[in-house]
Each structure stands twice: as structure tokens, then as C-alpha cells.
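Descriptive structure summary
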Amino acid sequence: MAGRRPPGRQGLLLGLLVVVAAVHLVTCPYTKVEESFNLQAVHDLLYHWLDLDKYDHHEFPGVVPRTFLGPIVIAAFSSPAVYLLSLLEVSKFYSQLIVRGTLGLGVIAALWTLQQEVRRQFGATVATLFCWVTATQFHLMFYCTRTLPNVVALPVALAALTAWLRQRWACFLWLSALAAVVFRAELGLLLGLKLLLPLLGRKVPLGRALRHAVPAGAVCLGLTVAVDSYFWRYPVWPEGKVLWYNTVLNKSSNWGTSPFLWYFYSALPRALGSSLLFVPLGTVDRRARALLLPSLAFVLLYSLLPHKELRFIIYTLPVFNIAAARGCAYLLNNYRKSWLCKVGSLLVTAHLAVNAAYGATCLYVSHFNYPGGVAMQQLHTLVPPDTGVVVHIDAAAAQTGVSRFLETNPGWSPF
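Computed from a predicted structure; not experimentally measured. (Residues numbered from 1 in each chain as written. Predicted model: local features only at pLDDT ≥ 70, side-chain atom pairs only at ≥ 80, totals over all residues. Heavy atoms only, no water.)

**Concerning the packing of helix α5 (residues 92-122) against helix α16 (residues 317-333)**
In a packed pair of helices, the relevant descriptors are the angle between the two axes and the axis-to-axis distance. The condition is simple: Simply put, an axis is a line fit to the C-alpha atoms, just over the touching stretch for a helix, and the angle between two N-to-C directions goes from 0 to 180 degrees. Secondary structure elements are taken from DSSP: a helix is a run of H or I of four residues or more, a strand is a run of E of two residues or more, and numbering for both begins at the N terminus. By convention, the crossing between two helices is left-handed when the near helix turns anticlockwise from the far helix through less than a right angle, and right-handed when the turn is clockwise. When checking whether two residues touch, look at their non-hydrogen atoms; a contact exists if any pair is within 4.5 Å. Under the grouping applied here, Gly and all other residues not named as nonpolar or charged are polar, the nonpolar ones being Ala, Val, Leu, Ile, Met, Phe, Trp, Tyr, Cys and Pro and the charged ones Asp, Glu, Lys and Arg.
Contact pair α5 / α16: the axes reach a minimum separation of 12 Å and the direction vectors enclose 35°. For the element pair α5 and α16, the recorded crossing hand is right-handed. Counting all contacts with α5, which are made through L111, L114, V118 and F122, the residues of α16 involved are P318, I322 and R326. Split into classes, the residues belonging to the contact of α5 with α16 amount to 6 nonpolar, no polar and 1 charged.

Shown next, in the form of C-alpha cells:
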């Protein structure tokens, strides 16, 4: 069939994404405070099972409760490898890598499924460029193995986006409910904006949408309340409390505020790198415009919240990359038509090199951002394991790399 690439080449692209994510994981094996709940929850599920008294979140509950459903899935998929490491008496530090790698594989699997649909709708060139653009950028590959709530929600959000592209509206609505009700409430805004297009275009009758959306929301709400009330030991809808805290109370502003347009002049340029230059060109394709418009509207509306972080809009990065890949493909496909397209084709190749250089620099700098994790590992190297030690873990260390996975000597007492 014309335009199709041999399966071996597709395998190389998948391997590229996996290898790049693995390099980021191994270079920066420790975590920050924003990742702590999900990471500690996975640790407790793996090592304490149903002994809830030993769970970390009872001692350190955090500002708002988080759902256990994501950690349960990650723990389930990583448990065979972690169990094997425990049989071999390998340090729990490597179990942390397994856990983060499992999450990364989940994100990459969702990205790969998305690119397969991009290949079907936009062609092999756009799909291939989408993989290269994604692999050479820093932030998405860096974050994909990090147990942030946004990243845990990312595979579900990408699956919903793929269902939207396939026009499988029932699947889209159920995945959207799961993403928004269980994991991240802001995804209700993003995926709701995407739903508006088929509703306004009369591809989906409102009644049919409600017949799926209402039971999907009810089932997902019941699931998260049942599971999380068990683990938190009181009736709770975690994402509902997060939504109330961040939007109604606006307490997230306590962690800093940014100007209204910060996502547009800072976050997106850093996340997309030089690929941002090709996004406008990609909108010559009306399909790319339809894909991009809800994401732009989401970023614009989400800018109303004063507290801003790049991870809050991470779900939109693959969409921007599809548009950028479409712009790059336009230049490559029209290489022989004008000298401008020839110059543009050279820029397509050059911009991937620029992205890779920028990403490598960011990764090198990020390697030094985890002094707490490094100090904990060095302590285990310097002090014999049979020595009676009480380890004081201060706030700075806990925020920059120390986790339960690094507590490898049972005779030591952290406080």
C-alpha cells in the first residue's frame, strides 16, 4: 500500500522513543516532591500490601488527598519485576527505576497508539516526524517516567485523544470520564472542548453523548470514592477535593503565580523547542486545525488560574507535535516545488538537531537537581549496613530525591 513504511522501520521508531525515555530515567533516577505521593503509594502497595498502618500517606498526607487507582495499576504491572529483584536481594533503588520505567512504558504505549492513528489519517511521513519531534524534545521524554499526577493521567488522556481521532465517541466519553473524574479534573475542560466540535458539527447527538457521559461519570466517581475511601480511611473523592482546593479556594496560588500569558511565552516554547516554528505551517491542513484548536483554547482558559506549571498542560504537547510534524511534512513533500521548500526541508532536519542539543543540555543540568537522593545513596555507601543509625531526613532532602525506595537498610530508623 502506498505511503506505508516497512514494519521494521516502525519498530525502530518505537525503539527510539523507549531508548530516549530510558536515557532520561537512568540519568535522573531520583524524584522531586511533586512526585512523592504516587511513588510512595506504589512502594507501599508493593511492599506492605494491605497493611495500611505502614502506608506513608497516613504520616505524610500532603495538602490534598490523591487517588490510589493510578498507583494500583503501576504496582500491578511492575510487581513481577520488583518481586524478582527482591528474590535476588537487589537494592530497592532499582525497584524505583522499575516502577518509573513501567509508567514510562505506559505513556510511550499511548503515544505509539496515537501515532498509529496519525499514520492512518495523515500519512507515514507525518507519523514518522511526530516520533522524531517527540523524541528530540526534552520535557515530554523527561516527564514520561515521573510519577506526577499529570503524567499518571497522561496515558488515559492520550487514549481519549486517539478515540476522538477515530470518532469512537462512546470510548472517548468513557475515557474522558476516567481521566477527569479519577485523575485530573482539568482534563474535563480539555476533553470537553474536544467534544464540542463533534457536537456542533452534529456528528454526535447531544442525547447520545449524555447517555454515555452520565453513566461513565457515575461509574468512575463510584470507583474512585470506593477505592480511595478505603485507603484514606474516610469518605473522599480525591480529585473533587483537589478541584475545590485549586479552583474555588485558589489555594494553589500559595505556591507562586505567573502572568496570564506565561504558558504561551515560556512553557510552550521551552517544551516544544524549535518545533514550535512549524506548528503554524501545520495548520494549513484543516484536520490539524481541528485537532489544535481545542488544545489552544484549553491553554488559554487554563491561564486564568494564577498558579502555572508546565506539567499542567503536558496533555497538549502531543497535539502541538502532530501539528508541527504536519508542517514539517508539508515542506518535505514539496521539496522540489520551490527553493523556499528546499530551504525549509533543510530547516526540518536542522531543527531536530537543535532540539536534541537543547534536550541534552537540559538533561545534563537536571542531573544535578536531586541532592537529597544523591546524599541518601552516598550515606548507604559510606556507613556499613549493620551500623545502628538514626537518619534525619529534612524537608530539603525529602523534596529533592529521598523516597521510601531508598530506605534499603531495615536496621536504620529514618525520622
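Next comes the rest of the description.
**Structural notes on the side chain of H307**
Convention followed: Classification of residues uses two cut-offs on accessible area relative to the type maximum, computed with a 1.4 Å probe and protein chains only: under 20% is buried, over 50% is exposed, and between them is partly exposed.
As for its placement among the helices and strands, H307 is situated in the loop between α15 (286-302) and α16. For H307, a relative accessible area of 9% corresponds to the buried category. With near-sequence residues (within four places) excluded, H307 lies in contact with S252, S253, W255, G256, T257, Y263 and F312.

**Details of the pattern of salt bridges**
Counted only if it meets this: One side-chain nitrogen of Lys or Arg within 4 Å of one carboxyl oxygen of Asp or Glu is enough to make a salt bridge.
Summed over all chains, the structure comprises 12 salt bridges. R233 is the salt-bridge partner of D53, the closest N and O atoms lying 2.7 Å from each other. Of this pair, D53 sits in the loop between α2 (36-47) and α3 (56-59) while R233 sits in the loop between α11 (206-232) and α12 (238-248); the two residues are 180 residues apart in sequence, bridging distant segments of the chain. R287 is the salt-bridge partner of D285, the closest N and O atoms lying 2.6 Å from each other. Residue classification places D285 among the buried positions, given a relative accessible area of 7%. R287 sits in the partly exposed class, given a relative accessible area of 32%. Overlapping salt bridges bring together D56, E59, R404 and E407 as one network.

**Points about the nonpolar core**
Here is a general trend for soluble globular proteins: nonpolar side chains tend to be buried in one another's company. Just so we agree on the cut-off: The term nonpolar core refers to a set of buried residues drawn from Ala, Val, Leu, Ile, Met, Phe, Trp, Tyr and Cys, joined through side-chain atoms within 4.5 Å.
In terms of nonpolar packing, the biggest core is built from 118 residues, with F68, L114, F172, L187, Y263 and Y315 touching the most fellow members. In this structure L114 touches F130, L158, L161, T162, L165, P318 and I322, once residues within four positions along its chain are discounted.

**With respect to a nonpolar patch on the surface**
To keep it simple, the criterion reads: Patch membership requires over 30% relative accessible area and the absence of a salt bridge. Like charges are linked within 9 Å, and nonpolar side chains (Val, Leu, Ile, Met, Phe, Trp, Tyr) within 5 Å. Here the Shrake-Rupley method, with its probe set to 1.4 Å, supplies the accessible areas, and only the displayed protein chains count as covering residues.
Residues L189, F260, L261, Y265, L300, L301 and L304 make up a contiguous nonpolar surface patch of about 660 Å² in total accessible area. One can find L261 in the loop between α12 and α13 (262-272).

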